[in-house]
Amino acid sequence: MSLSKTFCPAPFMQLEVSKDGLYGPCCFTSSVWTQKNTSIKEKWNSDEINSLRKNLLDGKKDKTCSRCWIEEKANKQSLRMRMLNFKGSSNTEEKLFKKLVENKTYKAYPKVLQLTPGNECNLACPSCMPALSSKWNSLVNQKDYGPFQKTTKNWNLTKEQYQDIVDNSDKLQKIELFGGEPFLNKQNEINLLNKLIEKGTAKNIKLYFNTNGTIFNEKLLDKLTKNFKFLEIRLSIDGTESQFEYLRYGANFGQVVENAQKFNKLDNSDFECICTVSIFNVMYLDKYDDFFKKMNWSVFYNIAHYPSHLQIFNIPEQVKKSISLSKKFNDVIEYINNKQCDPVDWQRFVKYTKILDRNRGLAFKNTFPELYNQVKRHGYE
């Protein structure tokens, strides 16, 4: 057999699981389906994911995967493309994927489990929401954020849901922990990580943490690096100095840099920064890239897909022409011009920044002066 041009390994290898039966095939298409009161194995063999698999094998661009199709249209290396070429030649990877599909061994259980285990978080980033941040919940209870942020019930996976993972951990190769902030969530350690170590399956499992970098728990990390097969740290840094603190509200840039240096020195581990590109920071990417080079940190530039009023193609058309970046970011420029600005979304961005500044005592104008000077005539004056 030959793999179709739309083939993606994700729904054949991994599953994303969240609250209330929500699940999806990857972190880019998280929580797109719902099956309440079902096990991970039942979700893994659901009609929804089987339909996606069939479409991808048949060469169809399933709408579930729209984020990757949009990025690929703009010549941005999508998550699908990165998975197809992960740590090896495309020829080697293709043989492995063909074998996986032909033997149908994937049906037993996902090899990779991506967990969104709760919304406990100590930051309230403009790109986030209360469903994924308990800090946002507390702030919305104190002040009005208009139509942009509404309170929700704080939540976490149950002991039974964690136990389902532990019971099937002999089938897993990797567990990825998202948030909230996974290092703040004590239930991850108590009900999952410790139990995997006790069961003896931890030594065969790679661990991935998507962290905001505000917490460096030396005791926990020492335990993880010694007991798990490997540890991957992906730390979110969307800017430097005051721009970072605006976009990662509640974090201190100096402290996060200090923690990042510690993460980078951990044994049996791999460290990389993730810079999420939005309207706020797109003009400053070369400046940030210089910083990452100075620190000698690997970095991946992730384009914000949500909320729509932060998407970079919603910058006013006149302003797009003034954005100049080095050749390294040609794909970002293409993405910006891949779609016309939605004036409604742009006005939502303007309104959102004004609400953020009013409620937080910040100043978008002073924090992002080059951007502000370009956009001030489009709703700020």
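No experiment lies behind these values; they were computed from the predicted model shown.

Caption draft 1: Spotlight on the overall build of the protein chain. Each helix and strand in the protein chain was counted, giving 18 helices and nine strands. The C-alpha radius of gyration of the protein chain comes to 21 Å, within 12% of the 21 Å expected for a compact globule of 381 residues. Counting only C-alpha atoms, the protein chain reaches 60 × 45 × 40 Å along its principal axes. By residue count, 53% of the 381 residues in the protein chain fall in the buried class. Of the contacts formed within the protein chain by residues at least 6 apart in sequence, a portion of 70% connects residues at least 24 apart. The centroid of the 58 positive side-chain charges in the protein chain is displaced by 2 Å from the centroid of its 43 negative side-chain charges.

Caption draft 2: Quick look at the packing of helix α8 (residues 159–167) against helix α9 (residues 186–199). Their axes nearest at 10 Å, the elements α8 and α9 cross at an angle of 25°. With respect to each other, α8 and α9 are oriented roughly parallel. Classified by chirality, the crossing of α9 by α8 is right-handed. Taking contact as the criterion, the partners of Lys159, Tyr162, Gln163, Ile165, Val166 and Asp167 in α8 are, on α9, Gln187, Asn188, Asn191, Leu192, Lys195, Leu196 and Lys199. Per-class residue counts for the contact of α8 with α9 are five nonpolar, four polar and four charged.

Caption draft 3: Representation of the pattern of salt bridges. In total, this model carries 16 salt bridges according to the counting rule given. Residue Asp170 is joined to Lys171 by a salt bridge in which the shortest nitrogen-to-oxygen separation is 3.8 Å. Among the salt bridges present, the one from Lys320 reaches Glu317, with a minimum N-O distance of 2.8 Å. In this pair, Lys320 and Glu317 both sit in helix α14 (residues 317–320), three residues apart, roughly one turn of the helix. One continuous salt-bridge network, built from bridges that share partners, spans Lys174, Glu176 and Glu232.

Caption draft 4: Main features of the packing of aromatic side chains. Following the criterion strictly, the structure yields 31 aromatic pairs and no others. Joined through ring pairs, the aromatic side chains of Tyr246, Phe280, Tyr284, Tyr288, Trp346, Phe349, Phe364, Phe368, Tyr372 and Tyr380 make up one cluster. Positioned over the ring face of Trp44 is Arg53, at 4.4 Å from the centre of the ring. Geometry around Trp136 places Arg360 over its ring, the cationic atom sitting 4.7 Å from the centre.

Caption draft 5: Broad picture of the side chain of Asn210. Along the chain, Asn210 falls in strand β6 (residues 206–211). Look at Asn210 and you get buried, because its relative accessible area is 18%. In contact with Asn210, not counting residues within four places along its chain, are Leu177, Phe178, Glu181, Pro182, Arg234, Ser236 and Ile274.

Caption draft 6: Region of the structure containing the sheet that holds strand β2 (residues 22–24). As summarised here, the arrangement of the nine strands in space is β3-β2-β1-β4-β5-β6-β7-β8-β9, forming an open sheet in which the pairing is mixed. Edge positions in the sheet fall to β3 (33–34) and β9 (299–303), since each has one partner strand and no second. The pairing of β6 with strand β7 (residues 230–236) spans six bridges and is classified as parallel. Counted as the bridge partner of Thr211 is Leu235 from β7. Relative to strand β5 (residues 174–177), α9 is tilted by about 165°, and along the sheet it contacts β4 (112–115), β5 and β6.

Caption draft 7: Just unusual backbone geometry, in detail. In this structure, Gly180 follows Gly179 across a cis peptide bond, with omega equal to 5°. Residue placement: Gly180 occurs in the loop between β5 and α9. For the bond running from Tyr306 to Pro307, omega is -10°, close enough to zero to count as cis. Of note, Asp20 is a non-glycine position whose phi angle comes to about 50°, a positive value. As for its position among the elements, Asp20 is in the loop between β1 (14–17) and β2.

Caption draft 8: Spotlight on helix α3 (residues 47–57). Inspection of α3 places Ile49, Leu52, Arg53, Asn55 and Leu56 among the buried residues, and these make up the whole buried set. In a view along the axis of α3, the buried residues occupy a sector of 165°, so they form one face of it. Counted as exposed and oriented over 90 degrees from the buried face of α3: Asp47 and Lys54. Where the residues of α3 are buried, they touch α1 (10–13), β1, β3, α2 (40–44) and α4 (66–73).

What counts and what doesn't
- Residues numbered from 1 in each chain as written.
- Predicted model: local features only at pLDDT ≥ 70, side-chain atom pairs only at ≥ 80, totals over all residues.
- Heavy atoms only, no water.
- Helix = DSSP H or I, 4+ residues; strand = E, 2+ residues; numbered from the N terminus.
- Rg over C-alpha atoms; globule rule 2.2 N^0.38 Å.
- Buried < 20%, exposed > 50% of the residue type's maximum accessible area, 1.4 Å probe, protein only.
- Contact = heavy atoms within 4.5 Å.
- Lys, Arg positive; Asp, Glu negative; His and termini not counted.
- Charge placed at Lys NZ, Arg CZ, Asp CG, Glu CD.
- Axes fitted to C-alpha atoms, helices over the stretch in contact; angles between N-to-C directions.
- Parallel < 35°, antiparallel > 145°, perpendicular 65-115°, else oblique.
- Left-handed = near helix turned anticlockwise from the far one by under 90°.
- Nonpolar A, V, L, I, M, F, W, Y, C, P; charged D, E, K, R; others polar.
- Salt bridge = Lys/Arg side-chain N within 4 Å of Asp/Glu carboxyl O.
- Phe/Tyr/Trp six-rings, centres within 6.5 Å; stacked < 30°, edge-to-face > 60°.
- Lys NZ or Arg CZ within 6 Å of the ring centre and 35° of its normal.
- Pairing = 2+ DSSP bridges.
- Arc of directions from axis to C-beta.

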